[in-house]
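A structural walkthrough
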Amino acid sequence: MSRGDGDGTEAREAREVRVLPAGPHALLVELADGHHAEAFHAELLRRRERGALPGVREIVPGARTVLLDGIEDHERGGGRVPTARVPTARDRLARDLLSWTVPPLHREARDTVEIPVVYDGPDLAEVAALWGVGADEVPALHSRTAFRVAFCGFAPGFGYLTGLPERLHVPRRTTPRTRVPAGALALAGPYTGVYPRPSPGGWQLIGRMVDPGALWDPGREPAALLGPGTRVRFVAAEPGAVPLPRTELRS
């Protein structure tokens, strides 16, 4: 499903929204880009907080999509399969989503997570060359950027952070590594991320988090340090830096 044609910016943005069924109880909303996806996700959360999204159990943001799962049709008792002639709750919600006017993304004032990192990654010199600066300038350029978690995925605790200007976007490595250590600070395209645990990976590694265990702590609520919408600032640390108490990571 997609919005109809029209003139002007609003109409162009309308055609860039598609709502697709996903399994028996979900909808996948496809947006034009990451910025529109973040704005749409924020609007969904606002409406859910107001009680305007009954029956939607889970909202999961992605790079250019938002998944709405667990859409129940209370009028039909939930378990019965409706006939194709009668619109379901999911059908009605899909039509409603296409008619929404979504305001521009508002960066709400909230606590910033400060992450101490040592900028000594194996790809630091290559990233510096791509940026057209010296390797010693990369830490300052990166750490003075205001980041925001656009969405999470890949591994528990891994957040995809946006904020780097387009001129600092870098490609993935031509040959991925078979093992990237936990805590590796990495860049790929428009994203910055920190690996919460060892895994294969093809991102450019420019440093390492002093305390990678803080990214995912099952004994903490929430377990993930970085959730969608979280503001993040990286703080350059000395190679021998001692991890901060995890309660002090948020400022």
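In short, a report on the structure. (Residues numbered from 1 in each chain as written. Predicted model: local features only at pLDDT ≥ 70, side-chain atom pairs only at ≥ 80, totals over all residues. Heavy atoms only, no water.)

Here we take up the overall build of the protein chain. When you go through the protein chain residue by residue, the secondary structure sums to five helices and 13 strands. Summarising the internal contacts of the protein chain: among those between residues at least 6 apart in sequence, 59% fall at separations of at least 24. Total accessible area on the protein chain is roughly 13,400 Å²; 52% of this is exposed by carbon and sulfur atoms. (Helix = DSSP H or I, 4+ residues; strand = E, 2+ residues; numbered from the N terminus. Contact = heavy atoms within 4.5 Å. Areas by Shrake-Rupley, 256 points an atom, 1.4 Å probe, with all protein chains shown as cover.)

Time to look at the pattern of salt bridges. Tallied over the entire structure, the rule returns seven salt bridges. Several salt bridges converge on common partners, so that one network encompasses Glu43, Arg46 and Arg47. (Salt bridge = Lys/Arg side-chain N within 4 Å of Asp/Glu carboxyl O.)

For the rest of this paragraph, the subject is the environment of Val29. Here Val29 lies in strand 2 (residues 27-30). With 35 residues separating them in the primary sequence, Val29 and Arg64 have C-alpha atoms 8.5 Å apart. Excluding residues that lie within four positions of it along the chain, Val29 makes contacts with Val17, Arg18, Val19, Phe40, Arg64, Thr65, Val66, Leu68 and Leu97.

This part is about the sheet that holds strand 1 (residues 18-21). Spatial ordering of the open sheet is given by 1-2-4-3, a layout of four strands whose pairing is antiparallel. Pairing within the sheet leaves two strands with one partner each, and these edge strands are strand 1 and strand 3 (58-61). Each adjacent strand pair in this sheet contributes to an overall mean axis angle of 20 degrees, direction not counted. Across the sheet, helix 2 (residues 34-49) lies against strand 2, strand 3 and strand 4 (65-69), angled at about 165 degrees from strand 3, the strand it touches most. Contacting strand 1, strand 2 and strand 4, helix 3 (residues 89-99) runs over the sheet at an angle of about 15 degrees to strand 2. (Pairing = 2+ DSSP bridges. Axes fitted to C-alpha atoms, helices over the stretch in contact; angles between N-to-C directions.)

Time to look at the packing of aromatic side chains. All chains considered together, the criterion is met by 11 aromatic pairs. Between the aromatic rings of Phe151 and Tyr191, the centroid separation amounts to 5.7 Å while the plane-to-plane angle is 90 degrees, which identifies the pairing as edge-to-face. One end of the pair, Phe151, is in strand 6 (residues 147-152); the other, Tyr191, is in strand 10 (residues 191-194), with 40 residues separating them in the sequence. Residue Phe151 shares its accessibility class with Tyr191, and that shared class is buried. Centroid distance Phe154 to Tyr195: 5.8 Å. Interplanar angle 90 degrees. Geometry classified as edge-to-face. (Phe/Tyr/Trp six-rings, centres within 6.5 Å; stacked < 30°, edge-to-face > 60°. Buried < 20%, exposed > 50% of the residue type's maximum accessible area, 1.4 Å probe, protein only.)

Along an α-helix, a turn takes 3.6 residues, which lines up residues three or four apart on a common side. Of the positions making up helix 4 (residues 124-131), those classed as buried are Leu124, Val127, Ala128 and Trp131. For helix 4, the buried positions fall inside an angular range of 105 degrees around the axis, keeping them on one side. Along helix 4, the residues that are exposed and aim more than 90 degrees away from the buried face are Ala125 and Ala129. Buried residues in helix 4 make contact with helix 5 (138-143), strand 9 (184-188) and strand 12 (204-209). One or two steps after helix 4, the chain reaches Gly132, where phi turns positive at roughly 75 degrees. (Arc of directions from axis to C-beta.)

With that settled, the discussion passes to the pairing of strand 13 (residues 231-236). With six bridges connecting them, strand 5 (residues 112-118) and strand 13 associate as parallel partners. The residue of strand 13 that forms the bridge with Thr112 is Arg231. In this sheet, strand 13 lies alongside strand 6 in antiparallel orientation, the contact comprising two bridges. Residue pairing in the sheet places Arg148 in a bridge with Arg231 of strand 13.

In this structure, Ile115, Trp131, Met209, Leu226, Val232 and Phe234 are the most contacted members of the largest nonpolar core, which totals 27 residues. Secondary-structure elements contributing two or more residues to this core are strand 5, helix 4, helix 5, strand 6, strand 9, strand 12 and strand 13. Among the elements that make up this core, the one with the highest residue count is helix 4 (four residues). In this structure Met209 touches Ile115, Pro116, Val117, Gly183, Val194, Ala214, Leu215 and Leu225, once residues within four positions along its chain are discounted. One finds Val29, Leu31, Leu68 and Leu97 within the second-largest nonpolar core, a separate group that totals 19 residues. (Core = buried A, V, L, I, M, F, W, Y, C linked by side-chain atoms within 4.5 Å.)

The next subject is the pairing of strand 10. The side chains of a regular strand alternate, residue by residue, between the two faces of the sheet. Here strand 10 shows a buried face lined by Tyr191 and Gly193 and a second buried face lined by Thr192 and Val194. Alignment of strand 9 against strand 10, held across four bridges, turns out to be antiparallel. In the sheet register, Ala186 faces strand 10, and the bridge partner there is Gly193. Counting the residues between successive antiparallel strands, the hairpin from strand 9 to strand 10 contains two residues, one of them, Gly189, with a positive phi of roughly 60 degrees.

In this fold, Gln204 is placed in strand 12. A distance of 3.0 Å separates a polar atom in the side chain of Gln204 from the backbone oxygen of Pro171. Setting aside anything within four residues of it in sequence, one finds Gln204 in contact with Asp123, Glu126, Val127, Val170, Pro171, Arg172, Arg173, Leu185, Ala186 and Leu187. (Polar contact = N/O pair within 3.5 Å; in protein donor to acceptor, adjacent residues only side chain to side chain.)

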